[in-house]
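Structure assessment
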Amino acid sequence: MRIDSIRLCNFRQHQDTFIEFPKAQEFDIHIMVGRNGSGKTNLLSAINWCFYGKETSVSEESEKLPLVNVISLKEANDKTRLDVAVIIIVSNEDGEKIEFKRSQKFFAEHRTAKPIPGDQEFIVTAFIRGHNDQVLKGERATQKVRNFVPERIREFFFFDGERLDTYFMNATGTKIRQAVKDISQLDLLETLERRLDEIHREMRRASSDHNPKIKELNDKIIMREQIIEALQAGIRKSNSQIENAEEQLEVLEKKLRDMPDVAVLENEREKRVQQKKNKEALRDNKIIEKHNILIEYARLLFLRKAIDSSLDLIRGKRETKELPPPIDTKLLQDIINEQICYICGRPLDEECKNYVCNLGENIKQTSFIGQQLMVIENPLHRLRDKSGEFDKKNSEITIVIAEYEQEITAHEKRINAIDQELASFSLEEVRSLQKQRKDFETIRNQQREKLGGQKRDLQSAILGKEDLEKKHKLELDKQEKEKKRVQAISFCKRAHDIVVSTNASIMEQIRSKIEERTKEFFFDLVWKKETFKNVTIDKQFKLHLVDRFEFECLGSISAAERELMALSFTLALHLVSGFDSPLVVDTPLSRVSDDNRANFARVLKDVSRQKQIILLFTFDEYSDEVQSHLETISASRLGLEVLPGERITKIGDICNA
Amino acid sequence: MPEKPDRLYIDQSDVQRFDDLEKNVRMFEKRQKKELFLTAMAIGWKNEARIPMGKRQEFVRMEYLRPEDEALIYAVAISAESVDVLADPLKVMQIAEEYAHGGIPLLIAKINQPGSFEKNFEKELLDNFNELF
């Protein structure tokens, strides 16, 4: 099915717009380009309004305006009736056409007053070759829409690129699973499943009318079925709560993505402040040490010449024998007293004794000045030697202090950065969101635990029921007259089981194919091919993106990548389901970067071989790369131009738009 | 044998200066009085600022001086006069006190110079070191 044309009369800024989508030989792709506010989104809105009686993607500004074109409204005389209408003609491969027309009357009481809307009218006309035209209204008209694109899944067909970023936030596993069922038209099998189950139960109940034992078994089976139903309802409830929690968690994660983790930051800040204090204390100790060095060495360096001249004087006096050699007088006295050489350990001979005694006598007879010089000699030597160490000691301590300073500065910088980060957000809000996240995580985890128990109970209940059914069958088999009924019950049961497994098998096949195609499309679209490793869709139809480090990363990829993933999934869904209705996308590349745009254009070009695609671009989106892929192959290229006054859109050539 | 004096004195007019030094200059906070005295004396000697004392005020008891501290005082006295000055310990101490009296205003002037005193002081010591070695 494809859209042949759209006519809009007095619909918002489309006073009288007619757009034709001619079918080309190879690619059924149609380009419409217009600047912001030129009426692209209102075109998407008109399609939704025509099919479903309500708009989508209406901007706040448009919401304030009436549906009816305001210029027509101004031009209208008082009490004039204005008609708003959208007519969409679609056709199938056999060339049969269907016209969908929705109209609504508006009564303009006064040109300044808001027009009063009348009732909507929806008429579908089917033009079938060889038959009279069929005019349908009410439920029959709605059924035709359902055959084209059911309302429940319209967001997979007519959608706004700007909202693709939040696609997976709104599309939980259950919703996607339901959409897959709807798109794949598996509802017939489900209806069959339910009906067979009802017949099976009814037959089993009837079989127990005349046999108390069979009745007892049947009652037990019914009781077991009630338990199973209750457990299934519980599982659905738990699943729903888990999904709801995950949905909320995704919303919260999105909000928190750009917000700081207050608890972690505050904790880090506190640690940093303490570490900074510790480093400051250590630095201050080192500064005191440095002051000690400066003060001590100041006198050594300033007085170095005085020290040197005193030592030179002492050396001179010793050379002229005015001073005895530098000897420890106490040691000398001990040697004299003990008469033993403290160096070699032998007793002193006469010559040595005389020498040591003379030396001692010399020292005793040294003048007071000489003695003073001898007292200061050693300390002055030590001071002179020490003064040469200043450079080394000073640089060592200076380096240590500088290292501490660096560490302190690094802590300060980080503390300031944390302060700034925290200051730019409302901490209360962040804390509240984090608390909510924690609460939802708790709910999800509790429900997951509960779900595990429920599943075990269900399994056991099913086994119990199967056991009872076998017993029930054995009892029935004993009764010759119930033979036919037994056969019928067995048939119903087998048929039911086959339908259930067929349904599951089809869903599994669809899931597997959608997974495969989504992966193909995504890796074809995304330019960072090395970053991502795999795309999977689990049994619950929840999409997962795995990076090269095997981490789940759907929640942390960029808005553009999320949009590409949503598009990949949608395209896969379309192709796998075989649902051939067109794809209409408003601003498809709004969040897609240049690198991905060319890929995007190439992929859509390929898809348009099998499916009609209508793309509503802004000029910015319709870049050279996109043009190079789509310009020559597109079946139609139109421009949306806003006439002066900005209230009427005109369709024309792209160059004039 | 001449008797050694039991304490060092500063000029009465320097009492406030030493007091301020200890209270207001970070590098000299909680310093022993002998350290302040020896620093002032070294700066005075280095700058040949030996100024006779006026009214004297007790400042440091000699028992707090280490042999190295006393050796410095003696070296200053020898280089200021001659080795004979050692015969008069009172004179030795007097010479040291006169250099401290001449050095303290110079130290205060250094502190009041623009920029960081600590950095300037460190630089002066490094220059001195490089000159000597």
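This text follows the structure it describes.
A short tour of the structure in this document, coming up. (Residues numbered from 1 in each chain as written. Chains lettered and ligands numbered in written order. Predicted model: local features only at pLDDT ≥ 70, side-chain atom pairs only at ≥ 80, totals over all residues. Heavy atoms only, no water.)

1. Some words on the overall build of chain A
Across its full length, chain A carries 19 helices and 14 strands. Here the analysis covers contacts within chain A between residues at least 6 apart in sequence; of these, 72% occur between residues at least 24 apart. When the accessible area of chain A is evaluated, it comes to approximately 34,800 Å², of which 49% is carbon and sulfur surface. (Helix = DSSP H or I, 4+ residues; strand = E, 2+ residues; numbered from the N terminus. Contact = heavy atoms within 4.5 Å. Areas by Shrake-Rupley, 256 points an atom, 1.4 Å probe, with all protein chains shown as cover.)

2. Details of the overall build of chain B
Counting its secondary structure elements, chain B contains five helices and two strands. Ordering the α and β elements of chain B from the N terminus gives β-α-α-β-α-α-α. By the burial criterion, 50% of the 133 residues in chain B qualify as buried. Intrachain contacts of chain B at a sequence separation of at least 6 include 73% that bridge at least 24 residues. (Buried < 20%, exposed > 50% of the residue type's maximum accessible area, 1.4 Å probe, protein only.)

3. A look at the packing of helix α2 (residues 33-46) of chain B against helix α4 (residues 89-112) of chain B
Residues and elements named next belong to chain B. It is the contact of α2 with α4, at a shortest axis distance of 6 Å, that shows an interaxial angle of 90°. In terms of their interaxial angle, α2 and α4 are classed as roughly perpendicular. Two secondary-structure elements touch here, α2 through F37, T39, A40, M41, I43, G44 and W45 and α4 through A96, E97, Y99, A100, G102, G103, I104, L106, L107 and K110. Of the residues belonging to the contact of α2 with α4, the class tally is 11 nonpolar, four polar and two charged. (Axes fitted to C-alpha atoms, helices over the stretch in contact; angles between N-to-C directions. Parallel < 35°, antiparallel > 145°, perpendicular 65-115°, else oblique. Nonpolar A, V, L, I, M, F, W, Y, C, P; charged D, E, K, R; others polar.)

4. Some remarks on the layout of surface pockets
Residues and elements named next belong to chain A. Computed from the structure, the largest pocket encloses a volume of approximately 1,900 Å³. Surrounding the largest pocket, 44 residues form its lining, R177, E193, Q232, R236 and V500 being those nearest its centre. Ranked by residues supplied to the lining of the largest pocket, first place goes to helix α8 (residues 212-257) with 11 residues. When the residues that make up the lining of the largest pocket are grouped by side-chain class, the tally is nine nonpolar, 10 polar and 25 charged. (1 Å grid on protein atoms, 1.4 Å probe; cavity = no way out; pocket = protein on both sides within 12 Å on 5 of 7 lines; lining within 4 Å. Points joined across faces, edges and corners; volume = space filled by probe spheres on them.)

5. A word on a nonpolar patch on the surface
Residue and element names in this part refer to chain A. Nonpolar side chains collect at one region of the surface, where L331, I340 and Y342 lie side by side and expose about 250 Å² of accessible area between them. Counting through the fold element by element, Y342 comes out in the loop between α11 (329-338) and α12 (350-365). Judged by relative accessible area, which is 41%, Y342 ranks as partly exposed. (Patch = residues over 30% accessible without salt bridge, like charges linked within 9 Å, V, L, I, M, F, W, Y side chains within 5 Å. Salt bridge = Lys/Arg side-chain N within 4 Å of Asp/Glu carboxyl O.)

6. Points about the interface of chain A and chain B
Facing 38 residues of chain A, the contacting portion of chain B comprises 41 residues. Overall, the association of chain A and chain B removes approximately 3,600 Å² of surface from exposure, summing both partners, and the carbon and sulfur fraction of that is 74%. In terms of surface lost to chain B, no three residues of chain A exceed I295(A), R299(A) and F302(A), which account for 22% of the buried area on that side. The closest approach of N and O atoms between R382(A) and E68(B), which form a salt bridge, is 2.9 Å. Linking chain A with chain B are six residue pairs in polar contact (both at pLDDT 80 or more), by the criterion used here. Of all the elements in the fold, those that place two or more residues in the side of chain A that touches chain B are α9 (262-302), α10 (304-319), α13 (368-387) and α14 (390-423) of chain A. (Buried area = accessible area lost by both parts, 1.4 Å probe. Polar contact = N/O pair within 3.5 Å; in protein donor to acceptor, adjacent residues only side chain to side chain.)

7. Comments concerning the packing of aromatic side chains
Under the counting rule described, the total for this entry stands at 17 aromatic pairs over all chains. Feature note: the residues F51(A), Y52(A), F100(A), F122(A), F148(A) and F158(A) constitute an aromatic cluster, connected by ring pairs. Here the basic side chain of R56(B) rests over the ring of Y9(B), its NZ or CZ set 4.2 Å away from the ring centre. (Phe/Tyr/Trp six-rings, centres within 6.5 Å; stacked < 30°, edge-to-face > 60°. Lys NZ or Arg CZ within 6 Å of the ring centre and 35° of its normal.)

8. Digging into helix α5 (residues 117-132) of chain B
In an α-helix, one turn spans 3.6 residues; hence positions three or four apart end up facing the same way. The terminal C-alpha atoms of α5(B) lie 22 Å apart, and with 16 residues this matches the ideal 22 Å at 1.5 Å per residue to within 8%. Those residues of α5(B) hidden inside the fold are in contact with α9, α13 and α14 of chain A together with α2 and α4 of chain B. (Expected span 1.5 Å × (residues − 1).)

9. Focus on the packing of helix α7 (residues 187-207) of chain A against α8(A)
Residues and elements named next belong to chain A. Two numbers describe how α7 lies on α8: the axes approach to 9 Å, and their chain directions differ by 150°. Classed by the angle they form, the pair α7 and α8 counts as roughly antiparallel. Side by side, α7 and α8 meet where R201, R204, R205 and S207 of the first sit next to I214, N218, I221, I222, E225 and E229 of the second. Split by residue class, the contact of α7 with α8 holds three nonpolar, two polar and five charged.

10. A few points about α14(A)
If you check α14(A), its first and last C-alpha atoms are 48 Å apart, about what 34 residues at 1.5 Å a residue would give, namely 50 Å. Buried within α14(A) are the following residues: F390(A), N394(A), I397(A), I401(A), Y404(A), I408(A), H411(A), I415(A), I418(A) and L422(A).

11. Section: unusual backbone geometry
All names here are of chain A. With a phi angle near 60°, K321 is a residue other than glycine that sits in the positive phi range. Mapped onto the fold, K321 is located in the loop between α10 and α11. Looking at K321, the relative accessible area reads 72%, which means it is exposed. Phi is positive for T587, close to 40°, though the residue is something other than glycine. As for its position among the elements, T587 is in the loop between β11 (583-586) and α18 (594-607).

12. Concerning the sheet that holds β11(A)
Residue and element names in this part refer to chain A. Taking strand neighbours across the sheet as the criterion, the six strands line up as β8-β11-β12-β3-β13-β14 in an open arrangement whose pairing is mixed. Of all the strands in the sheet, just β8 (158-160) and β14 (649-652) have a single pairing partner and so form its edges. Between one strand axis and the next, the sheet turns through 15° on average, direction left out of account. Across four bridges, strand β13 (residues 636-642) lies against β14 in antiparallel orientation. Note on β14: the bridge partner recorded for L640 is I651. Contacts between helix α1 (residues 40-52) and the sheet are confined to β3 (29-34), β8, β11, β12 (613-617) and β13, with β8 contributing the most and set at about 145° to the helix. (Pairing = 2+ DSSP bridges.)

13. Quick look at the pattern of salt bridges
All names here are of chain A. Enumeration over the complete set of coordinates arrives at 65 salt bridges over all chains. The salt bridge partner of E198 is R195, with a shortest N-O separation of 3.0 Å. Within this pair, E198 and its partner R195 are both found in helix α7, separated by three residues, close to a single helical turn. Looking at E198, the relative accessible area reads 46%, which means it is partly exposed. By relative accessible area, R195 is classed as partly exposed at 47%. A salt bridge links E405 to R283, with the nearest nitrogen and oxygen atoms 3.4 Å apart. Here R283 lies in helix α9 and E405 lies in helix α14, a separation of 122 residues in the sequence. Given the relative accessible area of 31%, E405 is considered partly exposed. For R283, a relative accessible area of 16% translates into the label buried. The network of salt bridges with shared partners includes D197, R201, E225, E229, K465 and E469.

14. Notes on the nonpolar core
Core analysis: the biggest nonpolar cluster contains 97 residues, and F100(A) and F158(A) have the highest contact counts within it. If we skip the residues at most four places from it in the chain, F158(A) touches L44(A), I47(A), N48(A), F51(A), Y52(A), F148(A), V149(A), P582(A) and V584(A). The next biggest cluster of nonpolar side chains, apart from the first, holds 67 residues, and it includes I10(B), I78(B), A100(B) and F129(B). (Core = buried A, V, L, I, M, F, W, Y, C linked by side-chain atoms within 4.5 Å.)

15. Re the side chain of R7(B)
Residue and element names in this part refer to chain B. Along the polypeptide, R7 turns up in strand β1 (residues 7-11). Side chain to side chain, R7 and D6 meet in a polar contact 3.3 Å long. Not counting chain neighbours up to four residues away, the residues in contact with R7 comprise E58, V60, R61, M62 and E97.

16. Notes on the environment of A417(A)
With respect to the helices, strands and loops of the structure, A417(A) is situated in helix α14. Measuring from C-alpha to C-alpha, the distance between A417(A) and R269(A) comes to 9.7 Å, with 148 residues separating the pair along the chain.

17. Comments concerning the side chain of S38(A)
Residue and element names in this part refer to chain A. Mapped onto the fold, S38 is located in the loop between β3 and α1. In terms of polar contacts, S38 uses its side chain to reach the backbone carbonyl oxygen of R35, at 2.7 Å. Discounting residues that sit within four places of it in the chain, S38 has contacts with Q13, L640, V642 and T649.

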